Amino acid sequence: MTQPKRISILGVTGSIGQSTLDVVRQTDGMSVFAMSGHSALESLVEAAKEFQPKFVVATSQSAADGFDFGDLPAGTELLVGSHHIAQIASAPEVDVVVAAIVGIAGLPGTMAAVEAGKTVALANKESLVVAGSLITAMAASSGSRILPVDSEHSAVFQALQSGQPNEVSRIVLTASGGPFRDFSDSELKTVTVEQALAHPTWQMGDKISVDSATMMNKALEVIEARWLFDLPAAKIEVVVHPQSIVHSMVEFVDHSTVAQLSPPDMRLPIQYALTWPDRIAGVSPPLDLSRPQTLEFIPPDTDRFPALKLGFDVAARGGTSGAVLNAANESAVAAFLKRELSFTDIAIACQEILEQHDFIADPNLEQLMACDQWARQELAKWISV
Ligand SMILES: NC(=O)C1=CN([C@@H]2O[C@H](COP(=O)(O)OP(=O)(O)OC[C@H]3O[C@@H](n4cnc5c(N)ncnc54)[C@H](OP(=O)(O)O)[C@@H]3O)[C@@H](O)[C@H]2O)C=CC1
Ligand SMILES: CC(=O)[C@@H](O)[C@H](O)COP(=O)(O)O
Ligand SMILES: [Mn+2]
């Protein structure tokens, strides 16, 4: 009998983490070796009781202080503090690491897994946005395989299997357009947090939901695609597709366009990353073609959604620009969620901070982290004036 595939889930308490558990729950031959959570410790303990991992990491020391972990299974060891993420991402027993922590907090885990040569099911797009050049170089030397979980990139990854790399003329990432797809300039100025969190087609965490509403999510995905598929920005396009059925497309040099279609459900790209190169019976529902439906494709409006243009600029420029854009955006989204910044100011602030930064073309990790800190301070100043 073959050994079950052993998985470490970084960010098990989030939307992707919970969908990953559902895939594991419904799939033979997979076990959870380790899992991490940050503030949702009840949910972390519940997951540990069901999946009996060897390690549970509670990354937030302050949340863990005073929390009663008494319900953890007897065979599960509790580790407290974010420094333990590297340990569960690189442990020799682990076959696949699911990188599902949100934001730059996910970078250390992604890097530890890549450095250890692991197969990484990557949801944390911010890792590549910030440090794509370092991570892809590290993967090339360690033998790590980075498999996309992001639905668009999973679709591109699947479609790319129809041809050779030198036969690709462009990739087209689909965007739902978010909850404000048809809002006018003046309507966008007054949108609320509650409206921004109500994504029309996907159930996701708060940060990515706001990113989808500004279309910064698509900007980050353009940069993510640039690194995942080693493509120049000029070969990456975005089209608005409100139904979220076509998850992205690859156009080949003969002008054949290959697309991947499925209902919007993250369990499919997660499952594909966990079982690749095999396909197994799906845990997410099939496409229902028994009823009439319309698929629309609309060019994006970068005047109303200026964040999108920043993604193409950063994908073309590289260097420290991804770290700056990511940090400015993370801070701006946090401020919007606290009602300290308006929705339309998110992209304006990000653009101004990007324009001001001292660009370095070939940065090391320390320089990227310095840019991250600088951009967060600039965003705080931007709000205070
Ligand atoms: N949700 C989706 O459908 C998709 C998500 N993604 C990407 O996947 C990633 C996760 O998104 P999503 O699941 O929606 O996000 P959620 O907000 O739902 O979950 C985030 C996870 O990260 C943990 N976390 C938060 N802050 C920290 C920190 N400082 N240190 C360690 N862990 C932390 C959370 O722990 P806790 O909850 O315990 O505080 C939680 O487990 C993002 O990068 C997102 O862009 C990509 C495509 C689709
Ligand atoms: C599910 C997923 O991959 C998200 O990144 C999704 O694409 C967000 O929707 P938008 O297309 O609105 O950004
Ligand atoms: Mn996506």
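Being a predicted model, the structure only gives us computed values, none of them experimental.

> Any chance you could break down the site of ligand 1 for me, citing the residues and the numbers?
The environment of ligand 1 is made up of 29 residues, and the closest members are Gly14, His38, Ala123, Met204 and Gly205. Within the residue set of the shell around ligand 1, elements represented by two or more residues are helix H1 (15-25), helix H6 (125-142) and helix H10 (206-214). Considered class by class, the residues forming the shell around ligand 1 number 11 nonpolar, 13 polar and 5 charged.

> An account of the confidence of the model for the protein chain is needed here, citing residue identities and associated values.
For the protein chain, mean pLDDT is 98; residues scoring 70 or higher make up 100% of the total. Scored as a complex, the prediction yields pTM 0.99 and ipTM 0.99.

> I'd like a rundown of the domain arrangement of the protein chain, residues and numbers included.
Under the domain assignment used here, the protein chain contains domain 1 (5-148) and domain 2 (153-262 + 286-384). On the domain 2 side, the residues contacting the 17 residues of domain 1 number 23 residues. Only H6 and strand S7 (145-148) provide two or more residues apiece to the side of domain 1 that touches domain 2. Counting residues per element, the side of domain 1 that touches domain 2 draws most heavily on H6, at 10 residues.

> I'd like to hear about the nonpolar core, residue by residue, with values.
If you look at the biggest cluster of nonpolar residues, it comprises 112 residues, and the most contacted ones within it are Val98, Ala99, Ala121, Ala328 and Cys350. When residues of this core are sorted by domain, at least three fall in each of domain 1 (5-148) and domain 2 (153-262 + 286-384). In contact with cysteine 350, other than residues within four places in its own chain, are Ala307, Leu310, Leu325, Ala328, Asn329 and Ala332.

> Can you lay out the pairing of strand S9 (residues 236-240) for me, pointing to particular residues and giving the numbers?
On S9, burial follows the alternation: Ile236, Val238 and Val240 on one face are buried, whereas Glu237 and Val239 on the facing-out side are not. When strand S8 (residues 168-175) meets S9, the two strands line up parallel, connected through 5 bridges. Looking at S9, one finds that isoleucine 171 is bridged to isoleucine 236.

> Please give an account of the UniProt feature "binding site: NADPH" (unreviewed entry) in the protein chain that cites residues and values.
When the UniProt feature table is mapped onto this chain, "binding site: NADPH" (unreviewed entry) is found at Thr13, Gly14, Ser15, Ile16, Asn124, Glu126 and Gly205. Here serine 15 is to be found in helix H1. Looking at serine 15, the number of C-beta atoms within 10 Å reads 19, which means it is partly exposed. Apart from the residues lying within four places of it in its own chain, the contact partners of asparagine 124 are Ala99, Ala100, Ile101, Gly106 and Thr110.

> With reference to specific residues and values, describe the environment of glycine 143.
For glycine 143, the location among the structural elements is in the loop between H6 and S7. The sequence separation of glycine 143 and phenylalanine 183 amounts to 40 residues, and the corresponding C-alpha distance is 46 Å.

> Provide a residue-level description of the UniProt feature "domain: 1-deoxy-D-xylulose 5-phosphate reductoisomerase N-terminal" (unreviewed entry) in the protein chain, including the pertinent values.
When the UniProt feature table is mapped to this numbering, "domain: 1-deoxy-D-xylulose 5-phosphate reductoisomerase N-terminal" (unreviewed entry) covers residues 7-132. Secondary structure within residues 7-132 divides into 40% helix and 22% strand; the distance between the first and last C-alpha atoms comes to 23 Å.

The rules behind each value
- Sequence positions are assigned chain by chain, starting from 1 and proceeding in written order.
- Lettering of chains starts at A and numbering of ligands starts at 1, both following the order in which they are written.
- With pLDDT at 70 or above as the cut-off, local features in this predicted model cover only qualifying residues; side-chain atom pairs require 80 or more to be listed or tallied, and sums for whole chains, interfaces and linings still use all residues.
- Placing the C-beta atom from the backbone, one calls a residue near a molecule or strand if that atom lies within 6 Å of it.
- Runs of H or I in DSSP of at least four residues are treated as helices and runs of E of at least two as strands, each being numbered from the N terminus.
- When residues are sorted by character, Ala, Val, Leu, Ile, Met, Phe, Trp, Tyr, Cys and Pro go into the nonpolar class, Asp, Glu, Lys and Arg into the charged class, and all the rest, Gly among them, into the polar class.
- Within a predicted model, pLDDT stands for the predictor's per-residue confidence, ranging from 0 to 100.
- Domain limits in this description derive from either an automatic procedure or a database domain assignment.
- Note that contacts rest on C-beta atoms placed from the backbone: two residues are in contact if these are within 7 Å.
- The nonpolar core is taken to be a set of buried Ala, Val, Leu, Ile, Met, Phe, Trp, Tyr and Cys residues joined by way of C-beta atoms within 7 Å.
- Put plainly, a residue is buried at 20 or more neighbouring C-beta atoms within 10 Å of its own, exposed at 12 or fewer, and partly exposed in between, counting only other residues' C-beta atoms, which are placed from the backbone.
- When DSSP locates at least two bridges between a pair of strands, those strands are taken to pair.
- UniProt positions are given in the numbering used here, feature names are shortened, and annotations may be inferred rather than shown by experiment.

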